[in-house]
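Here is what each chain is made of, one letter per residue.
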Amino acid sequence: MTRLTKTPAELKELLVRAPGVSLVPTMGALHSGHISLVREAKKLGNPVVVSIFVNPLQFAPGEDLDAYPRTFDEDLAKLEAEGVDAVFAPSVSTMYPHGPRTTIHPGPLGSVLEGKTRPTHFAGVLTVVAKLFCLTGATDAFFGEKDYQQLALIRQMVEDLHLPVRVHGCPIVREESGLALSSRNRYLSEEEREAALVLSRALATGSYEEASLLLDAAPNVALDYLAVTTPELGELPADYRGPARLLVAAKVGTTRLIDNVAIEI
């Protein structure tokens, strides 16, 4: 049976004898991508905790904090069906009893790509993830590769701060059309959803030049960035050969979408 816990004390009581804890951090509005993370977490055999917390610290003024989809009852039913051991759904006052007093700075990697458009975003992400690691006693944590820069920064934080957590990156889950699953996809109209398919089509070319041509010609798509980097999101040397990452961010209507794919140069 899935236990709903709202305070660290309740969660600690539930997990006190667990040799390990597998954590899937989410902001709710769960879709098949989140469920794939839960299923990967269950493979380890540890108790699985899914956190549901819409983190205000990672939203800048004017972003969609108030409008962000909240479907808690549906989320809880999905997690019960998956046999999750505990859902941790803290309040803002539980997570930030003194406000955002101490935060984690993401360093230079947090100021490029997503960080260039959203300069305070990753400090909010890393702060809440570090707090969730501490509050749940996680030994393993599972994140999707769709938020690839987020995954890279969480790995960086774990390494730099010597946190005793194994970070597992899991493949992007897509609709049959190729559109990467995202909680924000529900904002898209049918026309916008069709327009958004150009993102995955562009990435599927595996070429910056070909992807750029597709995106430049796409109607109703406002490109933020298209970039090719090393797998660690570093700049590519001029003579680079090997694995790389092709990443895109764009607004379709009023909805900002991101996607990425591994490529070989």
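Under an unreviewed UniProt entry, the name given to the chain is Pantothenate synthetase, and the source organism is Corynebacterium tuscaniense. Of the comments in the UniProt record for the chain, the one headed Sequence similarities (unreviewed entry) reads "Belongs to the pantothenate synthetase family." In its Function (unreviewed entry) section, the UniProt record describing the chain reads: "Catalyzes the condensation of pantoate with beta-alanine in an ATP-dependent reaction via a pantoyl-adenylate intermediate."

Chemist: So what's going on with the domain arrangement of the chain? Residues and values would help.
Modeler: Annotation of the chain at the domain level lists domain 1 (3-170) and domain 2 (185-260). The C-alpha-based centres of domain 1 and domain 2 are spaced at 25 Å. Across the boundary between the two partners, domain 1 contributes 17 residues, which contact 14 residues of domain 2. Buried area between domain 1 and domain 2, summed over both chains or domains, comes out near 1,300 Å², and the portion from carbon and sulfur atoms is 54%. By the criterion of area lost to domain 2, the three top residues of domain 1 are Leu113, Glu114 and Tyr148, representing 46% of everything that side buries.

Chemist: Quick rundown of the UniProt feature "binding site: beta-alanine" (unreviewed entry) in the chain? Include the residues and the values.
Modeler: Mapped onto this structure's residue numbering, the UniProt feature "binding site: beta-alanine" (unreviewed entry) falls at Gln58. With respect to the element layout, Gln58 can be found in the loop between β3 (48-52) and α3 (72-81). Classification of Gln58 as buried rests on a relative accessible area of 10%. Every residue in contact with Gln58, bar those within four places of it in the chain, is listed here: Met27, Glu63, Arg118, His121, Gly124, Val125 and Val128. At a separation of 2.9 Å, a polar atom in the side chain of Gln58 contacts the side chain of Asn55.

Chemist: Requested: an account of the pattern of salt bridges, with residues and values cited.
Modeler: Oppositely charged side chains may form a pair once their charged atoms are brought near each other. For the structure shown, the criterion picks out 12 salt bridges. Between Arg256 and Glu114 there is a salt bridge, and its shortest N-O distance comes to 2.5 Å. In this pair, Arg256 is assigned in strand β9 (residues 255-264) and Glu114 in helix α5 (residues 114-117), connecting sequence segments 142 residues apart. Each of the two residues, Arg256 as well as Glu114, counts as buried. The network of salt bridges with common partners includes Glu114, Asp224 and Arg256.

Chemist: So, unusual backbone geometry: which residues are in play, and what are the values?
Modeler: One non-glycine residue, His162, lies in positive phi territory at about 55°. Structurally, His162 can be placed in the loop between α7 (148-160) and β6 (166-170). One non-glycine residue, Leu233, lies in the positive phi region at around 75°. Summarising the element assignment, Leu233 is placed in the loop between β7 (221-229) and β8 (243-252).

Chemist: So what's going on with the packing of aromatic side chains? Which residues, and what values?
Modeler: Counted according to the given criterion, the structure contains two aromatic pairs. Centre to centre, the rings of Phe59 and Tyr68 are 5.9 Å apart; their planes meet at 75°, and the pair counts as edge-to-face. Like Phe59, the residue Tyr68 is buried in the burial classification.

Chemist: Which residues make up the nonpolar core, and what values go with them?
Modeler: Within the largest apolar cluster, 39 residues are counted, with the highest numbers of intra-cluster contacts made by Val49, Val129, Phe133 and Phe143. Of the residues that make up this core, three or more belong to each of domain 1 (3-170) and domain 2 (185-260). Among the nonpolar cores identified, the runner-up in size contains 22 residues, and Leu199, Leu226, Val248 and Ala250 belong to it.

Chemist: Mind laying out the sheet that holds β9, listing which residues take part and the relevant values?
Modeler: With respect to topology, three strands assemble into an open sheet ordered β7-β8-β9, the strand pairing being antiparallel. Every interior strand has two partners, whereas the edge strands, β7 and β9, have only one. Strand-to-strand twist in this sheet, taken as the mean axis angle between neighbours without regard to direction, amounts to 15°. Taken together, the 10 bridges between β8 and β9 define a ladder with antiparallel strand orientation. Considered in β9, the bridge of Val248 is made with Asp259. Along the sheet, helix α8 (residues 190-204) makes contact with β7, β8 and β9, crossing β8 at roughly 165°. Contacts between helix α9 (residues 208-216) and the sheet are confined to β7 and β8, with β7 contributing the most and set at about 175° to the helix.

Procedures and definitions
- Residues numbered from 1 in each chain as written.
- Predicted model: local features only at pLDDT ≥ 70, side-chain atom pairs only at ≥ 80, totals over all residues.
- Heavy atoms only, no water.
- UniProt positions renumbered as here; feature names shortened; annotations may be inferred.
- Domains from an automatic or database assignment.
- Contact = heavy atoms within 4.5 Å.
- Buried area = accessible area lost by both parts, 1.4 Å probe.
- Helix = DSSP H or I, 4+ residues; strand = E, 2+ residues; numbered from the N terminus.
- Buried < 20%, exposed > 50% of the residue type's maximum accessible area, 1.4 Å probe, protein only.
- Polar contact = N/O pair within 3.5 Å; in protein donor to acceptor, adjacent residues only side chain to side chain.
- Salt bridge = Lys/Arg side-chain N within 4 Å of Asp/Glu carboxyl O.
- Phe/Tyr/Trp six-rings, centres within 6.5 Å; stacked < 30°, edge-to-face > 60°.
- Core = buried A, V, L, I, M, F, W, Y, C linked by side-chain atoms within 4.5 Å.
- Pairing = 2+ DSSP bridges.
- Axes fitted to C-alpha atoms, helices over the stretch in contact; angles between N-to-C directions.

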